[in-house]
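The primary structure of each chain is shown beneath.
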Amino acid sequence: MILGSQLKNAIISGSNNISKYKKQINELNIFPVPDGDTGTNMSMTIGAAAEEMRKLEDSATAAQVAKKAASSMLRGARGNSGVILSLLFRGISKGLEEKEEIAAQDLVEALELGVEEAYKAVMKPTEGTILTVARVAAERGREALELGSDPIQVWDAVCMGAADALEETPELLPVLKKAGVVDAGGQGLCLIFEGMLSVFRSGIVLECGLSEEEKAEETAEFFRNVAAEFDSEINFTYCTEFVVGRDPEVQKDPLDLRLFLETIGDCVVVVDDDEIIKTHVHTENPGDALQAALQYGQLLTVKIENMKEQHRKAAEENEAQKAAAAQAQPQPEKAKLEPQEPTEEMGFISVAAGDGLKSLFTDLGCANVVSGGQTMNPSTEDLLEAVLATPAKKVFILPNNKNIIMAAEQTVPLATDREVIVIPTRTIPQGLSAMLAFDPDSDAETNQEAMLEAAGNVDTGLVTFAARDSEYGGHTIRHGDILGLKNGKLEYIEKDPVSACVRVARSFANKHTSFITLIYGEGITQEQAEEAKRTLESKLHSDVEITLVNGGQPVYFFIISVE
């Protein structure tokens, strides 16, 4: 029999083992683009459980240990691999309900439940991934049970089955075979299972292998990544938003309003239908913007905010936090959002990195913007905290990244006092289009449909850098190459970001293209962004409107939205 204390130590040991080798797992990533690495995501997910395990008494039952581990991992889950890992342990927890100790049959049935939970959560399960490794592991455990094995022998068979399945992943996924690697998520699961086996078999908790200095640096690096910095340049003072109720007798084209606003400011967004025109602009002259709007009808809503004053206050707060952090050891955690009563009908949160993008989503109506993106996948707990801090009965989440959608979906059952609706946006442009489609006069269901449709009607281009040497999609890629992606697919390799931006944007353009938005990020100067805009204007039809937005985002030199 396996005792609760043994299960507790096994989870700590599994966490230590994957933490020790997470960099090697990260390097198994076959795609050259920087991303939220699998090893880091899985390590942080089970690490959340390990922290709670250390607080538990040795007298805790197996059921109590499994329940606490599953709850911690669900809330700490990061990235798709982390969410799948948390679901695996949630199923194990269900299988061990009311168990004081764990018999061989309990262990097998619990693991089978975990595999079932993980497969159910993925809309289109792909074999050759962590799912396959978990499934084969459970099957081998069942075979061992039928041979009369004890719990330790069963788990030994589980580990051997996982290792065998891992070796087969390249045969199931050609892209792995071509790159000469095994699946990263499957490798992570094997390391966790092996760490657990060490405790079950010999009572030894594996060490994570990191020195105290390395642990401190790892923690510091995490805080550096997620810290909200307030140092981006603000070109105009006033964030101006308004909705115009269109006069049916006025035939002026809203495109003219957009063109005018671009002469007096930046970050221009104009969306219209037969009844209203929704507008957003950063300008020094909000009165001029409102005066121009009145040519189209009556102003229904107006909001003007002084961004420089907001920036000053935020900078002061940030400097104060930095000063406090410099004096305190260890560094303080980021301030928690305070829960709010759900008093409004609908509210929004989005995920974004970069002050410009965060400001844009806030301007469009997001109550909270969670720091995160391609290389910084927020946890389910981070997203849940933002949901509970949004004072609405129905809270929409815009993940804006395919690797964050599953973590967002896990908040749905956790938010018990309000409804969570996940709009599965995979890119920043999809998230922006979804927000622009929101109609405050419509109900949640109607808005959900409209936002999904809007997100589906936008093409996304990305310009980034190669994080590693790679052979991918017929391309030979060297570390530092500039990569151009179309809707997530690698298409172009260039030597400078501006050339890549122009190639990607031009490739999307056709006779139906109306708007192209270039969101430029870290490493791109305003002069480079304007050069990209000028080059595109010289190569595209004059009817295509090109707008620049300083997003300040990391990782991506340009995010390109084409509508």
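Relevant structure appears above.
Residues numbered from 1 in each chain as written. Predicted model: local features only at pLDDT ≥ 70, side-chain atom pairs only at ≥ 80, totals over all residues. Heavy atoms only, no water.

### As for the overall build of the protein
Per the secondary structure count, the protein includes 21 helices and 16 strands. Out of the 563 residues in the protein, the part that is buried amounts to 53%. Put simply, of all contacts in the protein between residues at least 6 apart along the chain, 73% involve residues at least 24 apart. (Helix = DSSP H or I, 4+ residues; strand = E, 2+ residues; numbered from the N terminus. Buried < 20%, exposed > 50% of the residue type's maximum accessible area, 1.4 Å probe, protein only. Contact = heavy atoms within 4.5 Å.)

### Overview of the pattern of salt bridges
Overall, the coordinates contain 20 salt bridges when judged by the stated rule. When the shortest N-O distance is used, the salt bridge between glutamate 117 and arginine 90 registers 3.1 Å. Of this pair, glutamate 117 sits in helix α5 (residues 104-121) while arginine 90 sits in helix α4 (residues 79-95), and the two are 27 residues apart along the sequence. Glutamate 117 sits in the buried class, given a relative accessible area of 10%. Judged by its relative accessible area of 24%, arginine 90 is partly exposed. Across the pair arginine 140 and aspartate 164 runs a salt bridge, and its minimum N-O distance is 2.9 Å. In this pair, arginine 140 sits in helix α6 (residues 130-146) while aspartate 164 sits in helix α7 (residues 151-172), placing the two residues 24 residues apart along the sequence. According to the relative accessible area criterion, aspartate 164 is partly exposed, its value standing at 38%. Overlapping salt bridges, with partners in common, bring together Arg90, Lys94 and Glu117 in one network. (Salt bridge = Lys/Arg side-chain N within 4 Å of Asp/Glu carboxyl O.)

### Here's the deal with the environment of proline 497
With respect to the element layout, proline 497 can be found in helix α20 (residues 497-508). Owing to a relative accessible area of 14%, proline 497 belongs among the buried residues under this scheme. Between the C-alpha atoms of proline 497 and leucine 483, which are 14 residues apart in sequence, the distance is 8.1 Å. Sequence-distant contacts of proline 497, defined by excluding residues within four places in its chain, comprise Val463, Ile482, Ile524, Phe557 and Phe558.

### Thoughts on the nonpolar core
Core analysis: the largest hydrophobic core is formed by 86 residues, its most contacted members being Leu7, Ile11, Trp155, Phe193 and Met196. The element contributing the most residues to this core is helix α9 (residues 184-202), with ten residues. Beyond its immediate chain neighbours, meaning those up to four positions away, phenylalanine 193 contacts Leu88, Leu111, Ala137, Trp155, Val158, Cys159 and Ala162. (Core = buried A, V, L, I, M, F, W, Y, C linked by side-chain atoms within 4.5 Å.)

### Examining the pairing of strand β7 (residues 392-398)
Counting buried positions along β7 yields five of seven residues, so the element is predominantly enclosed. Here strand β5 (residues 344-352) runs beside β7; their pairing, made up of six bridges, is parallel. Within the sheet, the bridge partner assigned to methionine 346 lies in β7 and is lysine 394. Across four bridges, the pairing between β7 and strand β8 (residues 419-422) is parallel. When the sheet's bridge partners are listed, isoleucine 397 is paired in β8 with valine 422. (Pairing = 2+ DSSP bridges.)

### A closer look at the sheet that holds β5
Spatially, the four strands line up as an open sheet ordered β6-β5-β7-β8, and their pairing is parallel. Lying at the two open borders of the sheet, with one neighbouring strand each, are β6 (368-371) and β8. The mean inter-strand angle of the sheet, taken between neighbouring strand axes irrespective of direction, is 25 degrees. (Axes fitted to C-alpha atoms, helices over the stretch in contact; angles between N-to-C directions.)

### Things to note about the packing of aromatic side chains
A full pass over the atoms with the stated rule returns five aromatic pairs. Plain terms: the ring middles of phenylalanine 348 and phenylalanine 396 are 5.1 Å apart, the flat faces sit at 25 degrees to each other, and that makes the pair stacked. Taken as a pair, phenylalanine 348 in strand β5 and phenylalanine 396 in strand β7 lie far apart in primary sequence, 48 residues in all. Phenylalanine 348 sits in the buried class, given a relative accessible area of 4%. Look at phenylalanine 396 and you get buried, because its relative accessible area is 0%. Pairing phenylalanine 348 with phenylalanine 438 gives two aromatic rings, centres 4.7 Å apart and planes at 70 degrees, and the pair type is edge-to-face. Here phenylalanine 348, found in strand β5, pairs with phenylalanine 438, found in the loop between α18 (428-436) and α19 (444-456); they are 90 residues apart in sequence, far enough to count as distant. An aromatic cluster is present here, built from Trp155, Phe193 and Phe200 joined pairwise through their rings. (Phe/Tyr/Trp six-rings, centres within 6.5 Å; stacked < 30°, edge-to-face > 60°.)

### Quick word on empty space enclosed by the protein
The final tally for this structure, using the stated rule, is one cavity of 30 Å³ or more. Roughly 100 Å³ of volume is contained in the largest cavity. Around the largest cavity sit Leu7, Ile11, Ala66, Ala69, Phe89, Ile92, Leu96, Ile102, Leu107, Trp155, Met196 and Phe200, which together line it. Elements with a contribution of two residues or more to the lining of the largest cavity: α1 (4-26), α3 (62-76), α4 and α9. Of the residues contributing to the lining of the largest cavity, the split by class is twelve nonpolar, no polar and no charged. (1 Å grid on protein atoms, 1.4 Å probe; cavity = no way out; pocket = protein on both sides within 12 Å on 5 of 7 lines; lining within 4 Å. Points joined across faces, edges and corners; volume = space filled by probe spheres on them. Nonpolar A, V, L, I, M, F, W, Y, C, P; charged D, E, K, R; others polar.)

### As for the packing of α1 against α3
As a packed pair, α1 and α3 sit with axes 7 Å apart at the nearest point and diverge in direction by 25 degrees. As summarised for this structure, α1 and α3 are arranged roughly parallel, according to the angle between their axes. Helix-helix and strand crossings are classified by hand; for α1 and α3 the assignment is right-handed. The segment α1 lies against α3, with Gly4, Leu7, Lys8 and Ile11 engaging Ala62, Val65, Ala66 and Ala69. Among the residues making up the contact of α1 with α3, the classes are represented as six nonpolar, one polar and one charged. (Parallel < 35°, antiparallel > 145°, perpendicular 65-115°, else oblique. Left-handed = near helix turned anticlockwise from the far one by under 90°.)

### A look at the environment of threonine 390
Turning to its location among the elements, threonine 390 is positioned in the loop between α15 (380-388) and β7. Separated by 46 residues in the primary sequence, threonine 390 and glutamate 344 place their C-alpha atoms 9.0 Å from one another. Once you skip the residues sitting within four places of it in the chain, threonine 390 turns out to touch Gln340, Gly347, Phe348, Ile349, Ala367, Asn368, Val395 and Arg418. A polar side-chain atom of threonine 390 sits 3.1 Å from a polar atom in the side chain of asparagine 368. A polar side-chain atom of threonine 390 sits 2.7 Å from the main-chain carbonyl oxygen of alanine 386. (Polar contact = N/O pair within 3.5 Å; in protein donor to acceptor, adjacent residues only side chain to side chain.)

Note that all results are geometric; they support no functional claim without further evidence.
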